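Survey of secondary and tertiary structure
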Amino acid sequence: MNGLKPNCLDDFLFSNARDRQTLGLMLERKLPFPFGGKSGILLHGTWGTGKSTLAQLLPGLLETAHSGTWNMTQGVGQMPAPVPDHCQTEVFRCGGGLSSTNIVQTVGKFAIRMNFYHYSKHDYFVFDEVDRLTVGAQQSLRSTMDLPRCMFFFTTNYLSKIDPGIVNRCHLVEMNQVTAPSAYVPLGQTILQNMGVNSDVVNDTTLQSFARQARGSLRDYTHEVIMAAIVAGGVMP
């Protein structure tokens, strides 16, 4: 974590261990990406699980992986994204009249230039809440995903609303509630540490109770931990 902001893969919880493994293999550069017609990563699941945050963090993590500055023998769970982030990521907030023309023109503009900015030699495109695009816009996006030197990162709460062609071009990563409350404890401990609060002040039992109350929402869980830390004398980093 960078302060209270997620900055590595271990700052997130995954309801499907295989999906977490897929991301890890990509960051280890053992699984080529893009490859085999799959140029996207589609994060799907319930609200508040960190999908949007992870989608915007992944380009930075990929940059660290491609830069060669991280010792891969340490694993990639704690591998940080660059701070400050130098990635030139194009973020689309879907809905609100975002048209297929705008998408095609923006992505196409990046695709025809020489990429000198990124270690991966790819451009990064994030589509937050991609299900809010019209059917026509999703169909145009589907074709755009075949352009070279492009990586796409999508989020949605409604996987069934996504064009099948987009889904087929993506690695799917499920982000729903993790059933074991104990899985949330390390994240809570990191927040407490970054706020200067000892773990014996806000103990693991309390952290697990926050996890149960949050019902899978990292947003709500983080809020409860921060509130408890402040009450215990902690300060925002």
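Everything that follows concerns the structure shown earlier in this document.
Given the structure is predicted, the values throughout are model-derived calculations rather than measurements. (Residues numbered from 1 in each chain as written. Predicted model: local features only at pLDDT ≥ 70, side-chain atom pairs only at ≥ 80, totals over all residues. Heavy atoms only, no water.)

1. Describing the overall build of the protein chain
Looking only at helices and strands, the protein chain features eight helices and five strands. Secondary structure elements of the protein chain, listed N to C terminal, follow the sequence α-β-α-β-α-β-α-β-α-β-α-α-α. Projected onto its principal axes, the C-alpha positions of the protein chain cover 55 × 40 × 30 Å. With 237 residues in all, the protein chain has 46% of them scored as buried. Total accessible area computed for the protein chain in this model is approximately 11,500 Å², and 51% of it derives from carbon and sulfur atoms. Taken together, the 19 basic and 18 acidic charged side chains of the protein chain have centroids lying 6 Å from each other. (Helix = DSSP H or I, 4+ residues; strand = E, 2+ residues; numbered from the N terminus. Buried < 20%, exposed > 50% of the residue type's maximum accessible area, 1.4 Å probe, protein only. Areas by Shrake-Rupley, 256 points an atom, 1.4 Å probe, with all protein chains shown as cover. Lys, Arg positive; Asp, Glu negative; His and termini not counted. Charge placed at Lys NZ, Arg CZ, Asp CG, Glu CD.)

2. Digging into the environment of aspartate 128
By the element assignment, aspartate 128 lies in strand β3 (residues 123-128). Measuring from C-alpha to C-alpha, the distance between aspartate 128 and glutamine 193 comes to 31 Å, with 65 residues separating the pair along the chain. Here aspartate 128 is in contact with Ser52, Phe92, Arg93, Cys94 and Thr155, once residues within four sequence places are set aside. (Contact = heavy atoms within 4.5 Å.)

3. Quick look at the sheet that holds strand β5 (residues 170-174)
The strand order β2-β3-β4-β1-β5 describes an open sheet built from five strands, whose pairing is parallel. A strand with exactly one partner marks an edge of an open sheet, and here the two such strands are β2 (89-93) and β5. Strand-to-strand twist across the sheet, computed as the mean angle between neighbouring axes with direction ignored, equals 15 degrees. The strands that helix α3 (residues 100-111) touches are β2, β3 and β4 (150-156); relative to β2, the one it contacts most, it runs at about 175 degrees. (Pairing = 2+ DSSP bridges. Axes fitted to C-alpha atoms, helices over the stretch in contact; angles between N-to-C directions.)

4. Focus on the nonpolar core
Among the nonpolar cores identified, the biggest contains 26 residues, and Phe14, Leu23, Ile41, Leu54 and Phe153 are the most heavily contacted of them. Going through the elements one at a time, α1 (17-27), β1 (40-44), α2 (51-67), β3 and β4 are the ones with two or more residues in this core. If one sorts the elements of this core by residue count, α2 sits on top with seven residues. When neighbours within four sequence positions are excluded, leucine 23 is seen to be in contact with Leu9, Phe14, Ile41, Leu54 and Val173. Val107, Ala111, Cys150 and Ile166 belong to the second-largest nonpolar core, a separate cluster that totals 21 residues. (Core = buried A, V, L, I, M, F, W, Y, C linked by side-chain atoms within 4.5 Å.)

5. Regarding the pairing of β1
Among the five residues that make up β1, five are buried, leaving the element largely enclosed by the rest of the structure. In β1, alternate side chains face the same way, and those of Gly40, Leu42 and His44 on one face and Ile41 and Leu43 on the other are all buried. As paired strands, β1 and β4 are joined by five bridges and run parallel to one another. Paired with leucine 42 across the strands is phenylalanine 154, a residue of β4. As defined by bridge partners, β1 adjoins β5 across five bridges and the pair is classed as parallel. What sits directly across from isoleucine 41, in β5, is histidine 171.

6. What to know about unusual backbone geometry
Following phenylalanine 33, the chain continues into proline 34 via a peptide bond in cis, with omega recorded as -5 degrees. Tracing the backbone shows proline 34 in the loop between α1 and β1. Backbone geometry places arginine 29, a non-glycine residue, at a positive phi of 65 degrees. The topology assignment puts arginine 29 in the loop between α1 and β1. The phi dihedral of glutamate 129 is positive, around 55 degrees, even though this residue is not glycine. When you line up the elements, glutamate 129 lands in the loop between β3 and α4 (135-144). For glutamate 129, a relative accessible area of 33% corresponds to the partly exposed category.

7. Some thoughts on helix α8 (residues 218-231)
With 14 residues, α8 extends 20 Å between its outermost C-alpha atoms, agreeing within 8% with the 20 Å of an ideal straight helix rising 1.5 Å per residue. Along α8, the residues that are buried comprise Leu218, Tyr221, Thr222, Val225, Ile226, Ala228 and Ala229. The buried residues of α8 occupy an angular sector of 160 degrees when the element is viewed end-on, so they sit on one face. Structural note: α8 exposes Arg219 and Val231 on the side pointing more than 90 degrees away from its buried face. At its buried positions, α8 is contacted by α6 (185-194) and α7 (204-214). Directly beyond the C-terminal end of α8, a positive phi value near 100 degrees is found at glycine 233. (Expected span 1.5 Å × (residues − 1). Arc of directions from axis to C-beta.)

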